[in-house]
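As a plain string of letters, each chain reads:
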Amino acid sequence: EGHGGEAYFVDVPTSKIYRVSSEGKVEVFVEDSGRASGLMLGPDGNLYAAQSKRERIVKYDAMGNETIILENAPCNDLLVTPKGIYFTDPKNHLVVYCTFQGQRQNFTVAAGFANGLTVTPDHSVLHLADSNGRFTLSYQIANDGTLQAEQAFGYLHVPDVTSRSGADGMATDTIGNIYVATSIGIQVLDPLGRTNLILS
């Protein structure tokens, strides 16, 4: 959500980013997003995007003007924190951290397909969706932004015919509940990683 109460969403196949005003009016915000697949507003009020086709991390100001943060960055989804930006590179089994100035550091992860990211309200733990598995993964975030102490965290429910959760986008609310979009619906995990509810 933006400063004026607006919301943003991507249409990946058409490579567009849309903005919804606080009154509910929908308009195209970016005509050619480079197949952006992940969006998040940063602490500076800019909209950050993972451009999967152009393999770069960018930011947009309120008028939709683009600034490149990082190039040569295969990416799927991203998370913006006061410390910097984290994004997933599923092909190479990486979560990548980069500063707002574009300095990067790679972290190899156990996820079969590293997808969505979210963070706890105090920014101390990063949670990662693994589309190919049935667990989310968690990492402690050090003061310098590095990720430590990988472990399986949230147990996701899956269809009977597969062990693949299809976990994709993630979000956290102000009290630490985690919302994970999966193949059977949005699974709502409590702060201890237990699924309390599935919104089909």
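For the structure, check the block above.
Residues numbered from 1 in each chain as written. Predicted model: local features only at pLDDT ≥ 70, side-chain atom pairs only at ≥ 80, totals over all residues. Heavy atoms only, no water.

By the criterion of burial, strand S13 (residues 125-130) is predominantly enclosed, with five of the six residues buried. Where strand S12 (residues 114-119) and S13 come together, four bridges link them in antiparallel fashion. If you follow Ala114 over to S13, its bridge partner there is Asp130. Counting the residues between successive antiparallel strands, the hairpin from S12 to S13 contains five residues, one of them, His123, with a positive phi of roughly 60°. Taken together, the four bridges between S13 and strand S14 (residues 135-141) define a ladder with antiparallel strand orientation. Note on S14: the bridge partner recorded for Leu128 is Leu137. (Buried < 20%, exposed > 50% of the residue type's maximum accessible area, 1.4 Å probe, protein only. Helix = DSSP H or I, 4+ residues; strand = E, 2+ residues; numbered from the N terminus. Pairing = 2+ DSSP bridges.)

Attention now moves to the state of the cysteines. In this structure the tally under the stated criterion is zero disulfides. Its sulfur unpaired, Cys75 is 10.0 Å from the next cysteine sulfur, which belongs to Cys98. Look at Cys98 and you get buried, because its relative accessible area is 0%. (Disulfide = S-S within 2.5 Å.)

A separate point is the environment of Ser124. Take Ser124: it is sitting in the loop between S12 and S13. The spatial distance from the C-alpha of Ser124 to the C-alpha of Asn143 is 8.9 Å, given a sequence separation of 19 residues. Within polar-contact distance, the side chain of Ser124 engages the side chain of Asp122 at 2.7 Å. (Polar contact = N/O pair within 3.5 Å; in protein donor to acceptor, adjacent residues only side chain to side chain.)

Once that is clear, we can look at the layout of surface pockets. Reported here for the largest pocket is a volume of approximately 490 Å³. In this structure, the largest pocket is lined by 27 residues; those nearest its centre are Met40, Leu79, Thr118, Ala171 and Thr172. Among the secondary structure elements, those contributing two or more residues to the lining of the largest pocket are strand S4 (36-41), strand S8 (78-80), S12, strand S16 (170-172) and strand S17 (178-182). Split by residue class, the lining of the largest pocket holds 17 nonpolar, eight polar and two charged. (1 Å grid on protein atoms, 1.4 Å probe; cavity = no way out; pocket = protein on both sides within 12 Å on 5 of 7 lines; lining within 4 Å. Points joined across faces, edges and corners; volume = space filled by probe spheres on them. Nonpolar A, V, L, I, M, F, W, Y, C, P; charged D, E, K, R; others polar.)

The subject of this paragraph is the side chain of Gln51. Position of Gln51 among the secondary structure elements: in strand S5 (residues 47-51). Of the polar contacts made by the side chain of Gln51, one reaches the side chain of Tyr60; its length is 3.2 Å. Looking at Gln51, its side chain comes within polar contact range of the side chain of Glu66, at 3.0 Å. Once residues lying within four places of it in the same chain are set aside, the contact partners of Gln51 are Ser33, Gly34, Arg35, Ala36, Arg56, Val58, Tyr60, Glu66 and Cys75. (Contact = heavy atoms within 4.5 Å.)

Let us now look at the sheet that holds strand S1 (residues 7-11). The three strands are arranged S1-S2-S3 in an open sheet whose pairing can be described as antiparallel. On the outer flanks of this sheet lie S1 and strand S3 (26-30), each paired with one strand and no other. Ignoring strand direction, the axes of neighbouring strands in this sheet form an average angle of 35°. Here S1 pairs with strand S2 (residues 16-20) via five bridges, running antiparallel. When the bridges of S2 are listed, Val10 appears paired with Ile17. (Axes fitted to C-alpha atoms, helices over the stretch in contact; angles between N-to-C directions.)

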